[in-house]
Amino acid sequence: MRHIAIGTPPLREERWSRIAFTHSAMKLADILSYAMRGQCESLRKIACPKGDVYRSKGGIHRFISCFHMIDRRALPEEIMTGLQHMHEREEAMWRVGIDVGGTFTDLFAWEEKTGKQVTAKVLTTKQDRSIAVLESIEKAGISISDISYLMHGTTTATNALIERSYPDAAFITTEGFRDTIEIGRQHRQHLYDPYQTKPKPIIKRRYRYTVPERTNVRGETERPLDVAVARGVAEKIKAAGIQSVAIGFINSYASGEHEEQMRDILREYCPDLHIVLSSETRPIFREHGRFVTTAVRAACMPVMVKYMDDLEKRLDQHGFTGKLLILKSSGGVMSAGAARQHPEDMLESGPAGGVAYAGYLTEQSGFDRILHTDVGGTSFDVSIVEHGKGLITRDHELEWEVPIVVPMLDIHSVGSGGGSIGWVDAGGSLRVGPKSAGSEPGPVCYGRGGTQPTITDANLLLGRLDPTLNGKIDLDIEAARKAMDKLAGEIGLTTLATAEGMIRIGCEYMAQAVKKVLVARGRDPRDFVYASFGGAGALAACFVARSMNIPKVIVPPHAGVASAFGATVMDLRQDIEHFYYSPVMEADPGKVNEILNDLEASARKELVQQGFANEQEIEIIRSAQMRYVGQSYEVDTPLPNGVLTTAHLPGIENEFHGVHLQEFGVSSDDFAPAFVSFSVTAIGRMDDPPPVEVHYSADEKAAIKGQRDVYFDGEWTRCDIYEGEALTTHHQIHGPAIIEYDHACTVLPPKTHAHVNAMGALVIDIEI
């Protein structure tokens, strides 16, 4: 069990008052200050064991837990009342994970003292996603004032980018590089398609400005920044009413001096402007990726600042005094303040929680290689988890030729979910997705105005979904049938054949996404266990796994809110990178150690600033981005801890050869490996949720809640319907069968066999 607590700011800081427990006007800071004055010896010893007050959240918890040790006769009544109140509050604090998806907002929470676990699922409120956050907490029956940590995954930044729904931003770059972010790398997405078009640029051309300046690759000034032109650009930006600006100069990864000078000039004209520098955002070479990532950060910053302000305001209005943490695309969490400044780290914020749960699943179930999949109402996400960790990419593409060069979990998404719409193309073929009904209007059977049949409607018509969704909502099966009849008429099939065809097509899209991820990373699907997450995931899991020759599927507890569960097992994380190119055997160990030490110090400092209590407990992971001399792309290679010497270099080369072989199926002793950049990841460990309670029953039929006809392979079959939460380790289930959970449903087709393992997960063996 991991047990390091996240700290809070020093008590003297004004924002402490948002975190401290209160009783009327009595703040914890007041109580501790009273203790520091030494007027109550027993209180002083508890609050100040080393002569200073506890400044961490963990320390506060320990302080309050020692309530019974205090000599109460020595305390004024107001101090005693405040302590009594805080002691009572400490008894029932909740750790909450929330994932806001395109269709549903999911919640998983556990009570820190008793280990009690609760879940909730509500429809996402697209007009203001923070509303759904509060609605999910209310539905779970949790008082917002009783939440100690709120871990929140959100797609707000991603949606703003995809829809280009952010305020106009500006981009300032070196003269001659105005169109770099639009020209890209001159790749073609479809080699022989003469009609393909590039995505809309992140920043409109009329708001892209240039100034004369030049820094060389050694960080030396070749041409000073033209201050007069820079001031003219600042005046134009002020006149245009721009809210945020990205500054990206050529070779600024070697020296950011000119970018900083440009920022200072902008501040003179626009003091309230959001300004981001490429030399601070990602100081690495290849200007296209660096410029685009900086532009993305600038474009999303006003959106995320507003979203975080609105969310914190709503939480504060309901008495929230805990710590708000935001999920990062790299597989950790960060403070709300860091999220405001680094929206580029949140583009896979929602799916990252599911990957974290897959890593937790490795620890609990013993499966070392897991294929994480998550099917919601809108999309299908897939990624690889090995040895408890998701694979990282540093060249994620939000869209074609829109690279985001920050460390991100390598998650591939396709538009195939429960809300994916069935339609007929110009050639008369049945298609599914990527358009989705989402939460508004939703599938036809939801009765919220939808008119086009979706995967959910198809599953309902085939008997695979309970018409009441386990008692949550009465689904309109007749409306779904009418919509499917219309689609069936367009392609000349029966209604049931059309519904089953939609599901097969949707599953094939998912299988192709799985194939793309595995093949791209040089993995064999037969080596993996298929982990099914999301409300609609287990409806398709066995079909997708069988298509990819994956023999085993696992549906873990709380699979329907997996990303929210995963949010509660994530750790505080900071990733920092620095460019350094050199063939490995020619590298200067002194310079390498200097870079790594600086990166480590910066990463530790950032975690402490975000509130991690004990700097000495921070875990450091080092890596190098390496390639063979002459190659164009790098692979992450682990580096040993401690001081590096020339004696370590051959071992680093061998490690690189192994990683390259794993990724690409080939390595070579004929080409020299080279360093391209160094990275440091700092991790502050947090508590894991308590184990899921597994029920035991001698009666194997206790979980059977009934039977119904289900359509498989062109015919109706009578199937047992199981209550998922009532299954025990004694149960052996043979398909075809349906297993219904609170927030998900598992379909066991013919030639499948399932049992419940020790952690309460459903493990399905598939006859391939």
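Keep in mind that what you see is a predicted model, and the values were worked out from it rather than measured.

Novice: Break down the overall build of the protein for me, with residues and values.
Specialist: When you go through the protein residue by residue, the secondary structure sums to 20 helices and 37 strands. Taking all 768 residues of the protein together, the buried fraction comes to 57%. As presented, the protein carries roughly 31400 Å² of accessible surface, and 49% of it is formed by carbon and sulfur atoms.

Novice: Go over the packing of helix H16 (residues 495-520) against helix H17 (residues 537-547) with me, naming the residues and quoting the values.
Specialist: In the contact formed by H16 and H17, the axes pass within 9 Å of each other and the chain directions differ by 55°. On the basis of the axis angle, H16 is oblique to H17. Read as a crossing pair, H16 and H17 show a hand that is right-handed. On H17, the residues touching Cys507, Glu508, Met510, Ala511 and Val514 of H16 are Ala540, Phe543, Val544 and Ser547.

Novice: Describe in detail the sheet that holds strand S31 (residues 704-712), supporting the description with residues and values.
Specialist: With mixed pairing, four strands are arranged side by side in an open sheet as S31-S32-S34-S35. Edge strands, defined here as strands with exactly one partner in the open sheet, are S31 and strand S35 (745-748). Each strand axis lies, on average, 25° off the axis of its neighbour in the sheet, ignoring direction. Of the pairings in the sheet, the one linking strand S34 (residues 737-740) to S35 comprises four bridges and is antiparallel in character. Its bridge partner lying in S35, Ile739 is registered against Thr746. Contacting S31 and S35, H17 crosses the sheet at an angle of about 25° to S35.

Novice: Please give an account of the packing of aromatic side chains that cites residues and values.
Specialist: Counted by the stated rule, this structure contains 12 aromatic pairs. Ring centres 5.1 Å apart and planes at 10° place the aromatic pair Tyr357 and Phe533 in the stacked group. Here Tyr357 is found in helix H13 (residues 349-365), whereas its partner Phe533 is found in strand S25 (residues 529-533), with 176 residues between them in sequence. Per residue, the accessibility class of Tyr357 equals that of Phe533, and both read buried. When the ring centre of Phe104 is taken as origin, the NZ or CZ atom of Lys121, which lies over that ring, is 5.1 Å away.

Novice: Lay out the confidence of the model for the protein in plain terms, naming residues and giving numbers.
Specialist: Of the residues in the protein, 87% have a pLDDT of 70 or more, and the chain-wide mean is 85. Contacts from residues 1-29, a stretch scored under 50 in pLDDT, to residues over four places away or in other chains number 93 contacts. Ignoring residues within four places in sequence, the model shows residues 36-70, a span with pLDDT below 50, making 84 contacts including any to other chains.

Novice: So what about the side chain of Thr293? Which residues, and what values?
Specialist: Here Thr293 shows up in helix H11 (residues 287-317). Here Thr293 falls in the buried class, since its relative accessible area comes to 0%.

Novice: Please give an account of the nonpolar core that cites residues and values.
Specialist: Core analysis: the largest hydrophobic core is formed by 79 residues, its most contacted members being Ile237, Met262 and Leu266. With 15 residues, the single largest contributor to this core is H11. When neighbours within four sequence positions are excluded, Leu266 is seen to be in contact with Ile172, Ala234, Ile237, Val245, Ile247, Leu273 and Ile275. Leu371, Leu539, Tyr711 and Ile738 belong to the second-largest nonpolar core, a separate cluster that totals 68 residues.

What counts as what
- Residues numbered from 1 in each chain as written.
- Predicted model: local features only at pLDDT ≥ 70, side-chain atom pairs only at ≥ 80, totals over all residues.
- Heavy atoms only, no water.
- Helix = DSSP H or I, 4+ residues; strand = E, 2+ residues; numbered from the N terminus.
- Buried < 20%, exposed > 50% of the residue type's maximum accessible area, 1.4 Å probe, protein only.
- Areas by Shrake-Rupley, 256 points an atom, 1.4 Å probe, with all protein chains shown as cover.
- Axes fitted to C-alpha atoms, helices over the stretch in contact; angles between N-to-C directions.
- Parallel < 35°, antiparallel > 145°, perpendicular 65-115°, else oblique.
- Left-handed = near helix turned anticlockwise from the far one by under 90°.
- Contact = heavy atoms within 4.5 Å.
- Pairing = 2+ DSSP bridges.
- Phe/Tyr/Trp six-rings, centres within 6.5 Å; stacked < 30°, edge-to-face > 60°.
- Lys NZ or Arg CZ within 6 Å of the ring centre and 35° of its normal.
- pLDDT = per-residue confidence, 0-100.
- Core = buried A, V, L, I, M, F, W, Y, C linked by side-chain atoms within 4.5 Å.

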